[in-house]
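Examining the three-dimensional arrangement
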Amino acid sequence: MARFIDRVVLHLQAGDGGHGCASVAREKYKPLGGPDGGNGGHGGDIVLEVSNQVHTLMDFHYHPHIKSQRGGNGGGDNCNGARGEDLVLEVPVGTVVHDDKGEVLADLTVPGTRFIAAEGGFGGLGNRVLANHRRKVPGFALKGEPGQARDLVLELKSVADVGLVGFPSAGKSSLISVLSAARPKIADYPFTTLTPNLGVVDLGDDSYTIADVPGLIPGAAEGRGLGLDFLRHIERTAVLVHVVDTASIEPGRDPVSDIEALEEELAKYQSALDADTGLGDLRERPRVVVLNKADVPEAEELAEFVKGDLEEKFGWPVFIISAVARQGLDPLKYALLDIVKQDRARRPKQKADKKHTIIHPKVAGRKSQGAHLDFTVRKDPQVEGGFIVTGEKLDRWIEQTDFENEEAVGYLADRLNKAGIEDELRRQGAVEGAPVTISDITFEWEPMAGGGDPTATRRGQDARLQGTTRASAAERKRASQARRGLVDEYDYGQDEHVTREGANRDRWQG
Ligand SMILES: Nc1nc2c(ncn2[C@@H]2O[C@H](COP(=O)(O)OP(=O)(O)OP(=O)(O)O)[C@@H](O)[C@H]2O)c(=O)[nH]1
Ligand SMILES: [Mg+2]
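Residues numbered from 1 in each chain as written. Chains lettered and ligands numbered in written order. Predicted model: local features only at pLDDT ≥ 70, side-chain atom pairs only at ≥ 80, totals over all residues.

- The protein is annotated in an unreviewed UniProt entry as GTPase Obg of Corynebacterium massiliense DSM 45435.
- The record held by UniProt for the protein lists under Subcellular location (unreviewed entry) the comment "Cytoplasm".
- Recorded under Sequence similarities (unreviewed entry), the UniProt text for the protein is reproduced unchanged: "Belongs to the TRAFAC class OBG-HflX-like GTPase superfamily. OBG GTPase family." (UniProt positions renumbered as here; feature names shortened; annotations may be inferred.)

Structure below.
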């Protein structure tokens, strides 16, 4: 039998954005035409789509590394790069998406719902759109942003209204087979059922689903039997049914202690759930007791004998049935329907228009494309006189910057200034030459004189980039990375060699 995979860790890498292009139009009598570099295309997203055609997470188990397409680079002649294709992966109904810290990101229960699991990077702007009246022919373009890389945990929780629990061979699979069209394997040895079975109980106008899970034994919480893992399939049920075998009660076991033993395991399972699942406490779920195999005379006798005790002890409804002889099924079916209906009435209605919902997880800076920029400036605790500037959008700006290109670095400096970061640094007492760290790079701060027109930078005229004795921005970035441990060691070519320790001892002086 195929192994039932119901939990899988996915390693996602959404497509990077294509780079923008810096290009200058060349026409016959116009040796230097306008900028005509196109934008890079956005990288493709990785999307999960709920489908009722798939029922397991099996495929992901074999292919957990998932990558979507990169955006095309922009080209000259105003050619924009192609958008990377989205990768749409089908997941079964009942898939719950967690991040790697266990936080629930999405609970995918409605077919057609889409979840953007990893977003492709934005394409970089080409020099045509970067041009303005001052920067007429930008000699640079923005780089594409890397696509989102993240690990997600998918868990399949069957969406059943009724969950059957019981010792092995109590007759759970037999019961689901007579209540629904499900045809699970039935046999007289324990642990016949290795993976949960779902069935639909059809009562004409009404229907509900029922889940038959593998047998439980005392000690399951410590891993005995099949363990407790499969209980996640009954986490969201409206009612739990204890199926008790009254025909083959062994010495030392009786219906009351059987139920108590399983209750104990359920409680252990509940307390092992680390976070609030949002599904309420399993221990507070309504219960029903089914005394099965009443076609066997002694079993029926025992069942009649303990019924009153059970009702009194637990306060749950008790039904005496025979799955094999199909006896006593109708009262059980309708009693379960009642409980399911009450539960449904309590839950918020799922609107019909929820059909094609798209769930967008929050992605840094994406939603706030406007002028407003959130950033924080604080003193660098490790560097005397240094500052650290953080802000979601800033990381993106750094990523977009081609540090090999000084004009691009000048453009970044303008953006930072415009955003008010210079003002804030000044306000907090930063002095010229202060090491300012943004994202993975440390700059040496050179305030713009008198806070001059921040858009005034023109090609090759950025004062902050003058001077031949200074390290290039690219070199500073490498040194900064080495110092911050982002790269262990970086070979500078020639004889220069910067190591982490070296850089720490003797901070890079740009
Ligand atoms: N006499 C009688 N036997 C039954 C009845 N229901 C189930 N059985 C028998 O009990 C044995 C176990 O039945 P299953 O339905 O496989 O039990 P289960 O609870 O699903 O068992 P696991 O999957 O191993 O946990 C089989 O031999 C069934 O034929 C019943 O109502 N009467
Ligand atoms: Mg079974």
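With respect to the site of ligand 1
- In the region of ligand 1, 25 residues are neighbours, and Gly171, Ser173, Asp188, Thr193 and Gly215 sit closest.
- It is helix α3 (residues 172-179) that contributes the most residues to the shell around ligand 1, 3 residues altogether.
- Looking at the shell around ligand 1 residue by residue, the class counts come to 11 nonpolar, 10 polar and 4 charged. (Near = placed C-beta within 6 Å. Helix = DSSP H or I, 4+ residues; strand = E, 2+ residues; numbered from the N terminus. Nonpolar A, V, L, I, M, F, W, Y, C, P; charged D, E, K, R; others polar.)

Let's talk about the pairing of strand β7 (residues 114-118)
- Pairing analysis gives 4 bridges linking strand β2 (residues 46-51) to β7, with the strands arranged antiparallel. Looking across to β7, one finds that valine 47 is bridged to isoleucine 116.
- Note: β7 against strand β15 (residues 358-359), 2 bridges, orientation parallel. When the bridges of β15 are listed, phenylalanine 115 appears paired with isoleucine 359. (Pairing = 2+ DSSP bridges.)

With respect to the environment of leucine 262
- With respect to the element layout, leucine 262 can be found in helix α4 (residues 255-272).
- Taking the C-beta count within 10 Å as the criterion, leucine 262 has 23 such neighbours and is therefore assigned buried.
- Aside from chain neighbours lying at most four places away, what touches leucine 262 is Val165, Leu216 and His242. (Buried ≥ 20, exposed ≤ 12 C-beta atoms within 10 Å, placed from the backbone. Contact = placed C-beta atoms within 7 Å.)

What to know about α3
- With 7 of its 8 residues buried, α3 lies for the most part within the structure.
- Along α3, the residues classified as buried are Lys172, Ser173, Ser174, Leu175, Ile176, Ser177 and Leu179.
- Where the residues of α3 are buried, they touch β9 (162-165), β10 (197-203), β11 (206-212), β12 (239-245), β13 (287-292) and α6 (329-346).

So, the sheet that holds strand β4 (residues 87-92)
- On the basis of which strands lie adjacent, the open sheet formed by 4 strands has the order β4-β2-β7-β15 and mixed pairing. If you trace the sheet from one side to the other, it starts and ends with β4 and β15, each paired once.

Re helix α5 (residues 297-314)
- The end-to-end C-alpha distance of α5 is 25 Å, a good match for the 26 Å that 18 residues give at a rise of 1.5 Å each.
- At valine 306, α5 shows its maximal bend, which comes to roughly 40 degrees.
- Inspection of α5 places Ala299, Leu302, Ala303, Val306 and Leu310 among the buried residues, and these make up the whole buried set.
- The positive-phi residue at the C-terminal boundary of α5 is glycine 315, with phi of around 75 degrees. (Expected span 1.5 Å × (residues − 1). Bend = angle between axes of the 7 residues up to and from the residue.)

Some details on the sheet that holds strand β1 (residues 7-13)
- Strand order in the open sheet formed by 5 strands is β3-β1-β8-β5-β6, and the pairing between neighbours is mixed. Each edge of the open sheet is held by one strand with a lone partner, namely β3 (65-67) and β6 (104-108). Ignoring which end each strand starts from, the neighbouring axes of this sheet average 25 degrees apart. (Axes fitted to C-alpha atoms, helices over the stretch in contact; angles between N-to-C directions.)

Description of the pairing of β10
- The sheet contact formed by β10 and β11 spans 7 bridges and is antiparallel. Bridge pairing links glycine 199 to isoleucine 210 in β11.
- Taking the residues that link successive antiparallel strands as the turn, the β10-β11 hairpin has 2 residues, and the phi of glycine 204 there is positive, at about 75 degrees.

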